[in-house]
Each structure stands twice: as C-alpha cells, then as structure tokens.
Amino acid sequence: MKEVAAVQRIAVLTSGGDSPGMNAAIRAVVRKAIFHGLEVIGIQRGFGGFIEADMGPMNLSSVADIIHRGGTILRTARSEEFKTPEGRAKAFANVQRFGIQGLVVIGGDGSFRGADIFNSEYNLPVVGVPGTIDNDITGTEYSIGFDTAINTVVEAINKIRDTATSHERTFILEVMGRESGYIALMAGLAGGAESILIPELRHSMDEVCEKLVRGYKRGKLHSIIIVAEGAASGLEVGRQIREKTGLETKVTILGHLQRGGTPTAFDRILASRMGAKAVEILMDGCRKQMVGMVGGNIVAGPLDNAFKGKRPIEMDIFNLANILSI
Ligand SMILES: Nc1ncnc2c1ncn2[C@@H]1O[C@H](COP(=O)(O)OP(=O)(O)O)[C@@H](O)[C@H]1O
Ligand SMILES: O=P(O)(O)OC[C@H]1O[C@](O)(COP(=O)(O)O)[C@@H](O)[C@@H]1O
Ligand SMILES: [Mg+2]
C-alpha cells in the first residue's frame, strides 16, 4: 500500500568528492519519492547550487539510464560560502522560494556537518546519505563508492603484480585517503600487499624495509607496498626504501582513477536501498538523520554520528593483513 506523506516537495543534492553509485542513489531518491506522490527538486553542484538557486524539478526520466554511471548527474562541489551564515541565509531564501520541505544530502562527513548546521539554523528536515570512496563515516559500515574504489585499486594491484614479478621489483602504490586509511587497508588486504601505510597509525620505515628484505631472502619475487596519500607520499616512501635497502623501487600514484568508473553491484544495491530509505525518513517526519548500513540492515541514525568522532580503523584487519603478508 502506498503511504501518503505530509511532506510534498523534497530536494536532493550531491556534495564533496563524487563517488561511484551516487547516481544510483539520486535515482532511488527521485523514483521512491515520485512513487509516493512527492515532487523532487534536483540541486546542482552541492551547496553551491543551493546558494545560487541552480535547481529544478526532476521526473522519472531525469534519472533514466544512470544506475550504471559513475560520477553524479547533479554535479558536485565544495562550497566555502556555505560555511558562512550569509551563504546559508541565501540557501534558505531558496528553500522558501522553491517550497522545499526536506533535503537529502548525498556526500561525506563534511557535507553532513553543513546539513546539520543548516538544520539547526533553519529547521529544514535533512537526511544524509553516505557517499564517499573513503568509507570514513561513523554510523555506517559502508559508504557508497567505497566498494567500487577498492575494486579499482585491487585491479591495479593485480596488473602491477604481473610486471613486478617479471622484473622482481618493489612497487609502491599510493592510493586516496587524505585523512582515512580505509581504502589502503582493505585494498591492501584484498591485494596481498606486504605493507600498508595509513594516516591513522605511525609507521617505522625501518620495519617496512626489514620486512621487505626478509621477504626477498626467503624467495619472494616482488613486493607491493600500499600507501594512503594521507600517510606519506608514495614517491618519498620509494626514495626512502631505495636509500635504506638499495632495492629498485617503482611508484604508481592511482589518484582520481579511484573516484571514477561504473559502480559495482554492491554499490548500486547499497545506493538504491539508502536513497529509498532517505525518502522514507523524510516522509516519517524525522528532522535530522543519516542513513547507514548496520549489521547489513539499512537504518536511520543521528546525523551527527558521522562527524562527532573519527571512525577508528579496524586494527584486527590491519593485523591480519600483516600476518598474511609475513
Ligand atoms: N562546518 C561546515 N559548515 C558548513 N558547511 C560545511 C562545513 N563543513 C563542510 N561543509 C560543506 O560541505 C562541503 C563538502 O565537505 P567536504 O569535507 O569537502 O566533503 P565530504 O562531504 O565529501 O566530506 C563543503 O565544501 C562545505 O560546503
Ligand atoms: O579531488 P580532490 O578535491 O583533490 O579531493 C581528494 C580527496 O577526496 C577523496 O577522494 C574523497 O574524500 P571526500 O569524500 O571526503 O570528499 C579523498 O580520498 C581524497 O583525499
Ligand atoms: Mg570527507
């Protein structure tokens, strides 16, 4: 049976770094809302478009043929102006002008912080949908785009392994994560990396080098070291290893390759479920929530969970990766 909602018009935007699966989430928000008789306004370029009234109605066809596309059809941005009360006042003028009664923000911790402040100031109901390749959001086991990103990294590791073995070389692979080591950790475990360097932990280059040399002594043909960009520069790690061990090192920086590409089935399913849940939350009359995956279920939780504390790194996974690469 279709539920009839008190809220009649909602808006959706994507903000912060794009992540594969954001389009699937937009599609779910739009189609779920329309299914229940709601109108949906699509806001372009995150909070930037919110301030500048760069927005318009979306319909079923606006989200056709996007479930498999990376990036975001709504575009995304980082808006310094939204961090100011004056910028947010402009955005609120557009809330009134367009008759928006609820807002879905698809983005990361920074975007949720912005949404939280806006809700406190203007009482517009907001729901956060976690979309970031970093998977650094507390309150959800997975954020949209992470699975695709680590699969991209693992694919790169597979390719590097081929040439690394042939030449018996040491490779350093720098991956994304300015403040978070999740991509490095999980892709490192899945890719069988010798060492994983992440910003959450202090690392001793002497230990990294000792492990490398030990490995080669027992007959390893190559070594792969994963470095999160927030832990160190891949080039610098390569230089230090070369100086300390005399080994030949090659450095690959994956960069924005990790943010693009067609989303995996996991990310599409996650995004579809989370986008639909966001609409349900607004229809239920909640004022400030985030969607999360907890124990495999899609649930509503407090929005400020996402940025209250830093998500701790899973030490058991880090230790396991170390044991398995002995
Ligand atoms: N303290 C804040 N107050 C208001 N808006 C904020 C705040 N922090 C972040 N934002 C908004 O959210 C945007 C995205 O945040 P950012 O941290 O860059 O990305 P992400 O959401 O992916 O973590 C910022 O450009 C800004 O517009
Ligand atoms: O593309 P930019 O603006 O240089 O941002 C790079 C950063 O964005 C990310 O890809 C995603 O971070 P957010 O989701 O917090 O925006 C990080 O891994 C990376 O450090
Ligand atoms: Mg972030």
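It should be emphasised that the depicted structure is a prediction, and the values quoted were computed from it without experimental measurement.

Student: Tell me about the nonpolar core, and name the residues and values.
Tutor: Counting 32 residues, the largest nonpolar core has Ile-10, Val-12, Val-104, Ile-106, Val-129, Met-274 and Val-291 as its most contacted members. When contributions to this core are tallied by element, the ones reaching two or more residues are strand 1 (9-14), helix 1 (22-35), strand 4 (102-107), strand 5 (126-130), helix 9 (265-283) and strand 10 (288-294). Broken down by element, the residue count for this core peaks at eight residues, all from helix 9. With 31 residues, the next largest nonpolar core counts Ile-160, Met-186, Ile-196 and Ala-228 among its residues.

Student: Explain the layout of surface pockets to me, and be specific about the residues and the numbers.
Tutor: Taken as a whole, the largest pocket encloses approximately 860 Å³ of empty space. Looking at the largest pocket, it is lined by 32 residues, and the ones nearest its centre are Gly-16, Gly-17, Arg-78, Asp-109 and Gly-110. When residues in the lining of the largest pocket are grouped by element, the largest group, six residues, is from helix 4 (residues 109-122). Taken together, the residues that form the lining of the largest pocket break down as six nonpolar, 13 polar and 13 charged. Two domains each donate at least three residues to the lining of the largest pocket, and these are domain 1 (9-145 + 263-307) and domain 2 (149-260). For the second largest pocket, the calculated volume is near 210 Å³. Lining of the second largest pocket is provided by Ser-195, Ile-196, Leu-197, Leu-201, Arg-202, His-203, Ser-204, Glu-207, Val-208, Lys-211, Phe-318 and Asn-322. Where the lining of the second largest pocket is concerned, the elements lending two or more residues are strand 7 (195-197), helix 7 (205-217) and helix 11 (315-324). Looking at side-chain class alone, the lining of the second largest pocket contains five nonpolar, four polar and three charged residues.

Cut-offs used in this document
- Residues numbered from 1 in each chain as written.
- Chains lettered and ligands numbered in written order.
- Predicted model: local features only at pLDDT ≥ 70, side-chain atom pairs only at ≥ 80, totals over all residues.
- Heavy atoms only, no water.
- Core = buried A, V, L, I, M, F, W, Y, C linked by side-chain atoms within 4.5 Å.
- Buried < 20%, exposed > 50% of the residue type's maximum accessible area, 1.4 Å probe, protein only.
- Helix = DSSP H or I, 4+ residues; strand = E, 2+ residues; numbered from the N terminus.
- 1 Å grid on protein atoms, 1.4 Å probe; cavity = no way out; pocket = protein on both sides within 12 Å on 5 of 7 lines; lining within 4 Å.
- Points joined across faces, edges and corners; volume = space filled by probe spheres on them.
- Nonpolar A, V, L, I, M, F, W, Y, C, P; charged D, E, K, R; others polar.
- Domains from an automatic or database assignment.

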